[in-house]
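A look at the structure
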Amino acid sequence: MDAKDLRAKFVEIYGDGGDIREYFAPGRVNLIGEHTDYNGGHVFPCALTIGTYGVARKREDDKIHFFSANLEDCEVVEVSLSDLSYQKRYSWANYPLGVVWAFDGKGKKMTQGFDMAIRGNIPNGSGLSSSASLEVLTGTILRDLYGFADLSMTDLALIGQYSENNFNGCNCGIMDQFAVAMGKKDCAIFLDTSDLSYEYAKIALPDAKIVITNSKVKHSLVDGQYNKRREECAEALAQLQTVVDIQSLGELDNEGFEKYKDVITDEECKKRARHAVAENQRTIEAVAALKDNDVEKFGKLMNASHVSLRDDYKVSCEEIDILVDLAWSIDGVVGSRITGGGFGGCTVSIVKNDAVDAFMEKVGAGYKEKTGIDAEFYVVDIGDGARRTV
Ligand code: GAF
């Protein structure tokens, strides 16, 4: 189903006429800088050309209607503007609803409701930010439909994160929503999450491609484990703050961490903090390497990122490690690592152009042999951020 079909579906469900508008918000892949965004560190994600399409129109009454063309036999979820509370039965629609709730709570009041239909082509549970995509899509729709022109794209990212934290209960950082909102074609975003300053870095790899490999596994309890990592980092920070004047782990470099680390009493928390500090340093170094056209160094830092996420942060899993080990064994693979929150999802690899076919063949076959699962591969096209399209 393409954008035209989604509009047709919208008309079939909600009827024709009025001012029907179309939107798109991408997914994202993070090249390096994992689990640093809630530690005041740097990240380096880029927006994809896959994402979530949305069609919407304002209503006369106070009803809001959500429909997803991704779900077979999806029923329209109806909510009233007078009761924007989270309801388990709303299922996926709690994501867009959370954004409406956040707008309302921030004084962006709506007296008329709207109809909305969506369709996404980000594989489910792949860790390529389908929820951030849906949140920022909804923010983009609301800003446009209701004329909240004072909201910037950064505001829409922050509102998306706020709704995910406070309405849907995942204590995520800002990286995903920021990448989805601020993405730029052919560029990754070097974002300092301590103050949201950022610069775009052109990703021009003349002889290599970025390849995402989907493990097609998603282990349960992800949100619980994610929130736990945040708590462990917060605990480590609190202990460090008794000996050094810092506001976040991102303010320490590796040397500083080594100097003060013994104040962290819990060994697991110490490892989590070591990852957060080292990953931030790696990200800064990796972007500098890219600016120097040193893609080999960038790749080595990606590999080191994976080791740290696997051993210190413990957010990898057997299937992802199999994919990364296979990738590392192939000539022409510059670097490979887990990407996103972890516990399944995808890896991201930089692969020399002439090795891409062998990469897919060998990683695919090896993974199938070891797990029985057919991995999926996407050669990345870096796209623009969320926008109205029609
Ligand atoms: C998830 C979160 F949503 C992000 O904020 C980030 O912390 C990421 O995991 C890990 O880098 O995608």
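Residues numbered from 1 in each chain as written. Predicted model: local features only at pLDDT ≥ 70, side-chain atom pairs only at ≥ 80, totals over all residues.

1. Brief notes about the site of the ligand
- As a structural note, the neighbourhood of the ligand is formed by Glu34, His35, Asp37, Tyr38, Cys172, Gly173, Met175, Asp176, Gly340 and Gly341.
- Here the shell around the ligand is composed, by residue class, of three nonpolar, four polar and three charged. (Near = placed C-beta within 6 Å. Nonpolar A, V, L, I, M, F, W, Y, C, P; charged D, E, K, R; others polar.)

2. What about helix α9 (residues 295-311)?
- For α9, which comprises 17 residues, the first-to-last C-alpha distance of 24 Å matches the rise-based estimate of 24 Å (1.5 Å per residue) to within 8%.
- Taken residue by residue, α9 has Phe298, Gly299, Leu301, Met302, Ser305, His306, Ser308 and Leu309 as its buried positions. (Helix = DSSP H or I, 4+ residues; strand = E, 2+ residues; numbered from the N terminus. Expected span 1.5 Å × (residues − 1). Buried ≥ 20, exposed ≤ 12 C-beta atoms within 10 Å, placed from the backbone.)

3. Things to note about the sheet that holds strand β9 (residues 208-218)
- Taken together, the four strands give an open sheet; going across it, the order is β10-β11-β9-β12, and neighbouring strands pair in antiparallel fashion. With partners counted over all chains shown, the strands left at the sheet margins are β10 (333-339) and β12 (376-379), one partner each. Direction aside, the axes of adjacent strands within the sheet are offset by 20° on average.
- In this structure, β10 lies alongside strand β11 (residues 344-352), joined through six bridges in antiparallel fashion. Residue arginine 337 lies in a different strand from β11, and its bridge partner there is valine 348.
- Running at roughly 35° to β10, α9 makes contact with β9, β10 and β11 of the sheet.
- The strands touched by helix α10 (residues 318-328) within the sheet are β9, β10 and β11, with β10 carrying the most contacts at an inclination of about 175°. (Pairing = 2+ DSSP bridges. Axes fitted to C-alpha atoms, helices over the stretch in contact; angles between N-to-C directions. Contact = placed C-beta atoms within 7 Å.)

4. Focus on the packing of helix α3 (residues 130-146) against helix α4 (residues 153-166)
- The interhelical angle for the contact between α3 and α4, taken along N-to-C directions, is 125°, at an axis separation of 9 Å. In terms of orientation, α3 lies oblique with respect to α4. Where α3 crosses over α4, the two elements pack in a sense that is right-handed. The residues of α4 that touch α3, namely those facing Ser131, Ala132, Glu135, Val136, Gly139, Thr140 and Arg143, are Leu156, Ala157, Ile159, Gly160, Ser163 and Glu164.
- Here the residues of the contact of α3 with α4 sort into five nonpolar, five polar and three charged. (Parallel < 35°, antiparallel > 145°, perpendicular 65-115°, else oblique. Left-handed = near helix turned anticlockwise from the far one by under 90°.)

5. Notes on the sheet that holds strand β4 (residues 63-68)
- The strand order across the open sheet built from six strands is β5-β4-β6-β3-β1-β13, with neighbouring strands paired in mixed fashion. Whereas interior strands pair on both sides, the edge strands pair on one side only; in this sheet they are β5 (77-80) and β13 (387-388).
- Examined bridge by bridge, β4 and strand β6 (residues 114-120) share five bridges and lie parallel to one another. Looking at the pairing, serine 68 lines up with isoleucine 118 of β6.

6. Re the environment of glycine 147
- Structurally, glycine 147 can be placed in the loop between α3 and α4.
- Residue classification places glycine 147 among the exposed residues on the basis of 8 C-beta atoms within 10 Å.
- Linking glycine 147 and tyrosine 313, residues 166 residues apart in sequence, is a C-alpha distance of 43 Å.

7. Section: helix α5 (residues 175-182)
- Of all eight residues making up α5, eight are buried, and the element is well covered by its neighbours.
- For α5, the full list of buried residues reads Met175, Asp176, Gln177, Phe178, Ala179, Val180, Ala181 and Met182.
- In this structure, the buried side of α5 is in contact with β1 (21-30), β2 (42-43), β3 (45-58), α3, α4 and β7 (187-192).

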